[in-house]
Amino acid sequence: VNDPRLTLSAVADLVGGRVRGDETLEVRGVAPLEEAGPTDLGLLADRRYLGRLPESGAGALLVSDDLVDAVPGDRSCVAVPDAHAALVPLLHRLYPRPAPEPGVHPTAVLGRGVEMGVDVVVGPYAVIEDGVSVGDRCTVGAHAVLGRDSRVGEGTVLHPHVVLYPRTLIGRRVIVHAGVRLGSDGFGYAVVDGALVKVPQVGRCVVEDDVEIGAGTCIDRGSIGETRVGAGTKLDNLVHVGHNVRLGPGCALAAQSGISGSVTIGAGVMMGGQAGLAGHLRIGNGVRVAGQSGVAGNLADGETVMGTPARDLKTFLRAYASLFRERNLGRRVRDLERGVSEAEGER
Amino acid sequence: VNDPRLTLSAVADLVGGRVRGDETLEVRGVAPLEEAGPTDLGLLADRRYLGRLPESGAGALLVSDDLVDAVPGDRSCVAVPDAHAALVPLLHRLYPRPAPEPGVHPTAVLGRGVEMGVDVVVGPYAVIEDGVSVGDRCTVGAHAVLGRDSRVGEGTVLHPHVVLYPRTLIGRRVIVHAGVRLGSDGFGYAVVDGALVKVPQVGRCVVEDDVEIGAGTCIDRGSIGETRVGAGTKLDNLVHVGHNVRLGPGCALAAQSGISGSVTIGAGVMMGGQAGLAGHLRIGNGVRVAGQSGVAGNLADGETVMGTPARDLKTFLRAYASLFRERNLGRRVRDLERGVSEAEGER
Amino acid sequence: VNDPRLTLSAVADLVGGRVRGDETLEVRGVAPLEEAGPTDLGLLADRRYLGRLPESGAGALLVSDDLVDAVPGDRSCVAVPDAHAALVPLLHRLYPRPAPEPGVHPTAVLGRGVEMGVDVVVGPYAVIEDGVSVGDRCTVGAHAVLGRDSRVGEGTVLHPHVVLYPRTLIGRRVIVHAGVRLGSDGFGYAVVDGALVKVPQVGRCVVEDDVEIGAGTCIDRGSIGETRVGAGTKLDNLVHVGHNVRLGPGCALAAQSGISGSVTIGAGVMMGGQAGLAGHLRIGNGVRVAGQSGVAGNLADGETVMGTPARDLKTFLRAYASLFRERNLGRRVRDLERGVSEAEGER
């Protein structure tokens, strides 16, 4: 498909939805309600945005089923169970990404014994050191540095300015954003005669298949042994992962969250933005940590926590709310105590 | 002016102040009180630093009007309503920045259809991809990568190692510090059959005029539509801005603060260091968020908040202080309850 | 020593320990218990990992004295007072780092008046501007940018993608990890007619001997005067240090911690992950700040604090725990008050 233009009927077919209104109406893009124009599908996936609908110049709407009744009848729309999930096939069709021309830029510096797959793209000024292996159909962005003996799996994309320390292992279909550092030295020191003496960091960093790593994120390699990011796990921007951490599969770590060294994390764990985990913890499967929370103890499967130190989410929110509900509790208790002692004096 | 040397009288003229003491005394620099020498103006803009005055070797002082009476009479000084603001003209005069020689370094890689303004400086190993436009008098630092179809306005400075993802738009007189990533993919996934599936991020990142962006900061582009940073807004180091955020003009975001996706922020908003905003919020004009606070709900114009979840600043501080004021409240209330039930038993 | 293989007896000699079991057993590496194989020393330095011992395939153990009695008698081990500290000599011996070939890569760009010591390694695409001095035996990684008039002391390692702004001073034996920015502009603005006007940042950044700086960390230079990191201080990944901060010697700042401008910090201070200090504070020697804590006032020597705003650690933890200990305190106090007023009514 070369022409990124679809009728509402074709949109409905693509996303498994149904059209309400003019099936033949054509759209070329998808946009937030307040930015959408007459050739755009305005996105309505969240009740909070209903108020923006009257002003929207969208030619038609992509709307979640539970919101479709709130849309005025004169608006054509495609309704679908989950409008956000419907973006996946739709955006791929309407915004095809120009495939970069395969080839190694003449300015790239390649070491000895580099193995390069087919259809690899290597950008300007990339540095690929001795013994590195790059899989088929990988993209290595401008200025990326792939340290000695690193391995990158098939179909992986390293955006510009990524640095892999030596011996880093990256799986297939991984996306690594600009400025990510993988395999850096962990924060390991011994105190000798009162001074901090560096413990050599001799392990490595392993990133499994289908991981995505946001811009500026840093993952240390193992001090001894591995730091490992499980398959399908997604890390947002500016996340820190310490040495010897083991992140399970299918986790999602929001921006600026941080994991101290030697933490073991299960599958499907979610961390909110700026949340943190103390060192050496064991975090179970499906755990959820609210944004800015600080976890100081092990967590069992399925726990949801908040606060620093983190507690069960509902318990925390109830206790926190109680702080604001009553004023002057201390003075009032003192008044009661005084009343009691006076009453006793009277007896 | 070639010789960075000024009499106190000239300093006073420059900053709109008045001399107390020797008008003919010459200074060549400005320094903190504890580092200042005989040819320096020592800066005294904050009462907290008065204690450092006796030890200071400063030849003279630049002092705010409200502190001048606290300065011993034998110290020559220039008094001005706001000594900190007076630094602006004074430092420009005493520390003229060497203007880099215009020209494109021979190692820079330029794509097809690049438009380059007059007097542009392009550093070594910069990569400027197809269709990029760079305005007059811009500086593009060493190793900067300007992705396809990006546009950079007049007089903007990109420090070394800046990466612009494709189609990023940057206004005029913007300063972007080393290692900033603009237009990276947002953290957008749909859950399909239990796995996190990437939603293509097809929008762009727009930075308006007179913005400054600190080292290491990352701003994602819109998933669909824009992420936008308003004119004159300043971001400190290592800040995260998620996809589809709209930051108003004249905001100041301190280091390591973070804004989740789809937040709309008004004009003149201030965020302290390590503060965070949850997704999809609307934050009014002039809002202030204390450092490390986490905002979980919309905020009206002019609110000042603290805590996680954030509350009105004074309310939070009062409630927090109450936590520490009274000890053993729980036990004491239990004692009172026991007393009541015993008294009732006696009746 | 070319062959990284040691008998337990040789290990014991190297680390000042004693062998329990087979002194002639040979090991080639050190690994965490769950990753160790028959030629590895499994590390047992922390009681929390005792549970992993039965499953461990380690050929022998490196164990702290206080844990050796918990190790089954059929396991050969080297016992030592502090197994973690013993890693320092042991890993240096078993994992010798390949010394990079001295020499300046032909793609490096060197400015005028660059002074280069002996046995320096300069990687591909490094940019060393006019007037820079690089000490003997330094390593300058790929794509590093050393701004005009910077100085780097003997034996210092700059990993790939480090950026030094002009006039940065770095001492001897410093390790600077990938993507670190030193000497960037601080966050300094004056409010003029309601707009934020940049105060020129004309100071510099000074890093003393034996400092290590983690990946992605940013340290601003002084606005006027210096920002200084004391000898032997260690900074983890993604730390922010504002302008005019003075960090004493021997401090340890965990990942994502942040220090606002003009803070003065003593010797041996420790900050946990994501902790922050407000501006202009004085922090004494040996202070410890718990992770995620936010310090808003000066701290005397030896204080240990937690919370935001930070309080004495034990006081904070007691107050925080009290929040969760009693439920419905407010309602119960109201009940008591009602009882009192009814009782008074009866009188």
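Because the structure is predicted, anything quoted here is derived from the model rather than measured.

What to know about the overall build of chain A
Broken down by element type, chain A carries four helices and 40 strands. In terms of overall dimensions, chain A has C-alpha extents of about 95 × 75 × 30 Å along its principal axes. Out of the 347 residues belonging to chain A, those deemed buried represent 57%. The long-range fraction of contacts in chain A, counting pairs at least 24 apart against all pairs at least 6 apart in sequence, stands at 18%. Element-wise, carbon and sulfur atoms account for 50% of the exposed surface of chain A, whose accessible area totals about 13600 Å².

Some words on the sheet that holds strand β4 (residues 29–32) of chain C
Residues and elements named next belong to chain C. The mixed open sheet is built from five strands, whose spatial order is β2-β7-β6-β5-β4. Where the open sheet ends on each side, the last strands, each with one partner, are β2 (18–20) and β4. Taking each pair of neighbouring strands and ignoring which way they run, the sheet shows an average axis angle of 30°. Contacts between helix α1 (residues 8–15) and the sheet are confined to β2, β5 (40–44), β6 (60–64) and β7 (77–80), with β7 contributing the most and set at about 10° to the helix. Running at roughly 140° to β6, helix α2 (residues 83–94) makes contact with β4, β5, β6 and β7 of the sheet.

With respect to the packing of aromatic side chains
In total, this model carries twelve aromatic pairs over all chains according to the counting rule given. Considering the side-chain rings of Y320(B) and F324(B), the 5.1 Å spacing of their centres and the 65° angle between planes classify their relative orientation as edge-to-face. Here Y320(B) and its partner F324(B) are both found in helix α3 (residues 313–325), four residues apart, which amounts to about one turn of the helix. Each member of the pair, Y320(B) as well as F324(B), is classed as buried. Within the aromatic cluster, the residues linked to one another by ring pairs are Y125(A), Y125(B) and Y125(C). Over the face of the ring belonging to F324(C) we find R311(A), whose NZ or CZ atom lies 4.0 Å from the ring centre.

Some words on empty space enclosed by the protein
Applying the stated criterion across every chain yields a total of five cavities of 30 Å³ or more. The wall of the largest cavity is formed by 36 residues, among which T308(A), Q292(B), T308(B), Q292(C) and T308(C) lie closest to the centre. Listing elements by their share of the lining of the largest cavity, those giving two or more residues are α3 (313–325) of chain A, α3 of chain B together with α3 (313–325) of chain C. Residue composition of the lining of the largest cavity, by class: 15 nonpolar, 21 polar and no charged. Looking at the second largest cavity, its volume works out to about 100 Å³.

Description of the environment of L110(B)
Residue and element names in this part refer to chain B. Looking at the secondary structure, you find L110 in strand β9 (residues 109–110). Taking C-alpha positions, L110 is 9.7 Å from L146, a pair spaced 36 residues apart along the chain. The residues touching L110, leaving out its near neighbours within four places in the chain, are V104, M116 and I128.

Here we look at the relation of the copies chain A and chain B
With an RMSD of 0.0 Å, the fit of chain A onto chain B corresponds to turning through 120° and sliding 0.0 Å along the axis. Look at the turn and shift together and you get a three-fold axis relating the two.

What to know about the nonpolar core
Of all hydrophobic cores here, the largest spans 48 residues; its most connected members are L146(B), L158(B), L182(B), I259(B), I265(B), L277(B) and I283(B). Those residues in contact with L182(B), other than ones at most four positions away along the chain, are V163(B), L164(B), Y165(B), T168(B), I170(B), V176(B), C205(B), V207(B), I213(B) and I219(B).

Some details on the interface of chain C and chain A
The partner chain A presents 66 residues to the 66 residues of chain C that form the contact. Summed over both sides, the interface between chain C and chain A buries roughly 4900 Å², with carbon and sulfur atoms accounting for 63% of that surface. Here E337(C) ties to R332(A) by a salt bridge, and the two come within 2.7 Å at their closest N and O atoms. Where chain C meets chain A, there are 24 residue pairs in polar contact (both at pLDDT 80 or more). Mapped by element, the contributors of at least two residues to the side of chain C that touches chain A are β4, α2, β28 (234–235), β31 (252–253), α3 and α4 (329–346) of chain C. No other element matches the seven residues that α4(C) contributes to the side of chain C that touches chain A. Here the residues of the side of chain C that touches chain A are counted per class, giving 36 nonpolar, 17 polar and 13 charged.

Quick notes on the pattern of salt bridges
A complete count under the given rule lists 60 salt bridges over all chains for this structure. The closest approach of N and O atoms between D65(A) and R18(A), which form a salt bridge, is 3.9 Å. On the criterion of sequence distance, the pair formed by D65(A) in the loop between β6 (60–64) and β7 (77–80) and R18(A) in strand β2 (residues 18–20) is long-range, its members being 47 residues apart. On the basis of relative accessible area, R18(A) is assigned to the partly exposed category, the value being 45%. Because the salt bridges share partners, they merge into one network encompassing E35(A), R204(B), E208(B), E226(B), R228(B) and R246(B).

Some words on the pairing of strand β23 (residues 195–198) of chain C
Residues and elements named next belong to chain C. Across four bridges, strand β22 (residues 189–192) lies against β23 in antiparallel orientation. Considered in β23, the bridge of V191 is made with L196. Adjacent in sequence and paired antiparallel, β22 and β23 are bridged by two residues, among which D193 carries a positive phi angle near 50°.

Focus: the packing of α1(C) against α2(C)
Packed helices, taken two at a time, are described by the angle between their axes plus the distance between the axes. Residues and elements named next belong to chain C. It is the contact of α1 with α2, at a shortest axis distance of 9 Å, that shows an interaxial angle of 125°. When the interaxial angle is binned, α1 and α2 end up oblique. Viewed along their axes, α1 and α2 form a crossing whose handedness is right-handed. Residue-level inspection shows V11, L14 and V15 of α1 in contact with α2, the latter providing A86, P89, L90 and R93. Across the contact of α1 with α2, the residue classes tally to six nonpolar, no polar and one charged.

Criteria and thresholds
Residues numbered from 1 in each chain as written. Chains lettered and ligands numbered in written order. Predicted model: local features only at pLDDT ≥ 70, side-chain atom pairs only at ≥ 80, totals over all residues. Heavy atoms only, no water. Helix = DSSP H or I, 4+ residues; strand = E, 2+ residues; numbered from the N terminus. Buried < 20%, exposed > 50% of the residue type's maximum accessible area, 1.4 Å probe, protein only. Contact = heavy atoms within 4.5 Å. Areas by Shrake-Rupley, 256 points an atom, 1.4 Å probe, with all protein chains shown as cover. Pairing = 2+ DSSP bridges. Axes fitted to C-alpha atoms, helices over the stretch in contact; angles between N-to-C directions. Phe/Tyr/Trp six-rings, centres within 6.5 Å; stacked < 30°, edge-to-face > 60°. Lys NZ or Arg CZ within 6 Å of the ring centre and 35° of its normal. 1 Å grid on protein atoms, 1.4 Å probe; cavity = no way out; pocket = protein on both sides within 12 Å on 5 of 7 lines; lining within 4 Å. Points joined across faces, edges and corners; volume = space filled by probe spheres on them. Nonpolar A, V, L, I, M, F, W, Y, C, P; charged D, E, K, R; others polar. Least-squares fit on C-alpha atoms with pLDDT ≥ 70 in both. Core = buried A, V, L, I, M, F, W, Y, C linked by side-chain atoms within 4.5 Å. Buried area = accessible area lost by both parts, 1.4 Å probe. Salt bridge = Lys/Arg side-chain N within 4 Å of Asp/Glu carboxyl O. Polar contact = N/O pair within 3.5 Å; in protein donor to acceptor, adjacent residues only side chain to side chain. Parallel < 35°, antiparallel > 145°, perpendicular 65-115°, else oblique. Left-handed = near helix turned anticlockwise from the far one by under 90°.

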